[in-house]
Amino acid sequence: MTDVVDSDELLRRIQRARAFAAQEARAWSERGDALREAAYEAVLRVLDEIVAPGRHAAK
C-alpha cells in the first residue's frame, strides 16, 4: 500500500469499511452466528472511535 491519500479519502475509506462491517454484523446476526456478529461489532466500535474519538466511550 504505497498510495498517498488525503484525509478526505481516508475518511471515505473508513466510512465504507464501517458500512460494510455494519452490514456483515446484521447478516451474521440473522444467520445466528454470535461469534462473527461480535467480531464485526468490535470492528464497528473501533472505526467509530477513529471517526469520533471519545464519543462512544460510555457504551
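Residues numbered from 1 in each chain as written. Predicted model: local features only at pLDDT ≥ 70, side-chain atom pairs only at ≥ 80, totals over all residues. Heavy atoms only, no water.

> What should I look at first to understand a nonpolar patch on the surface in this one?
Judged by side-chain polarity, Leu11, Val46, Ile50 and Val51 come together as a nonpolar surface patch covering roughly 320 Å² of accessible area. Top element by residues in the nonpolar patch is helix α2 (residues 34–51). It accounts for three residues. Structurally, Val46 is set in helix α2. (Patch = residues over 30% accessible without salt bridge, like charges linked within 9 Å, V, L, I, M, F, W, Y side chains within 5 Å. Areas by Shrake-Rupley, 256 points an atom, 1.4 Å probe, with all protein chains shown as cover. Salt bridge = Lys/Arg side-chain N within 4 Å of Asp/Glu carboxyl O. Helix = DSSP H or I, 4+ residues; strand = E, 2+ residues; numbered from the N terminus.)

> Is there a simple way to think about the pattern of salt bridges in this case?
Two side chains with opposite charge may pair up if their charged atoms get near one another. Across all of its chains, the model carries four salt bridges by this definition. Salt bridges linked by common partners bring Glu9, Arg12 and Arg13 together as one network.

> Sorry if this is basic, but what is going on with helix α1 (residues 7–31) here?
Every α-helical turn comprises 3.6 residues, leaving residues that sit three or four positions apart pointing alike. Between its first and last C-alpha, α1 extends 36 Å over 25 residues, near the 36 Å set by a 1.5 Å rise per residue. Within α1, burial applies to Glu9, Ile14, Ala21, Ala22, Glu24, Ala25, Ala27 and Trp28. Buried residues along α1 sit in contact with α2. Gly32 sits one or two positions beyond α1 and adopts a positive phi of about 85°. (Expected span 1.5 Å × (residues − 1). Buried < 20%, exposed > 50% of the residue type's maximum accessible area, 1.4 Å probe, protein only. Contact = heavy atoms within 4.5 Å.)

> Just checking my understanding: could you explain the packing of aromatic side chains for this structure?
Between two aromatic rings, the relevant description is the distance of the centres plus the angle of the planes. By the definition in use, this model includes one aromatic pair. Lying over the aromatic face of Trp28, Arg31 brings its terminal NZ or CZ to 4.5 Å of the ring centre. (Phe/Tyr/Trp six-rings, centres within 6.5 Å; stacked < 30°, edge-to-face > 60°. Lys NZ or Arg CZ within 6 Å of the ring centre and 35° of its normal.)

> In this structure, what is going on with the packing of α1 against α2? I would like to understand it.
Each pair of packed helices can be described by the angle between their axes along with the distance between the axes. For the pair α1 and α2, interaxial distance at closest approach is 8 Å and the crossing angle is 155°. Here α1 lies roughly antiparallel to α2, going by the angle between them. Where α1 crosses over α2, the two elements pack in a sense that is left-handed. Here Leu11, Ile14, Ala17, Arg18, Phe20, Ala21, Ala22, Glu24, Ala25, Trp28 and Ser29 of α1 lie close against α2, whose contacting residues are Arg36, Glu37, Tyr40, Glu41, Val43, Leu44, Leu47, Asp48, Ile50 and Val51. Of the residues that constitute the contact of α1 with α2, the class distribution is 14 nonpolar, one polar and six charged. (Axes fitted to C-alpha atoms, helices over the stretch in contact; angles between N-to-C directions. Parallel < 35°, antiparallel > 145°, perpendicular 65-115°, else oblique. Left-handed = near helix turned anticlockwise from the far one by under 90°. Nonpolar A, V, L, I, M, F, W, Y, C, P; charged D, E, K, R; others polar.)

Take it as geometry only, folks, not as evidence of what the structure does.
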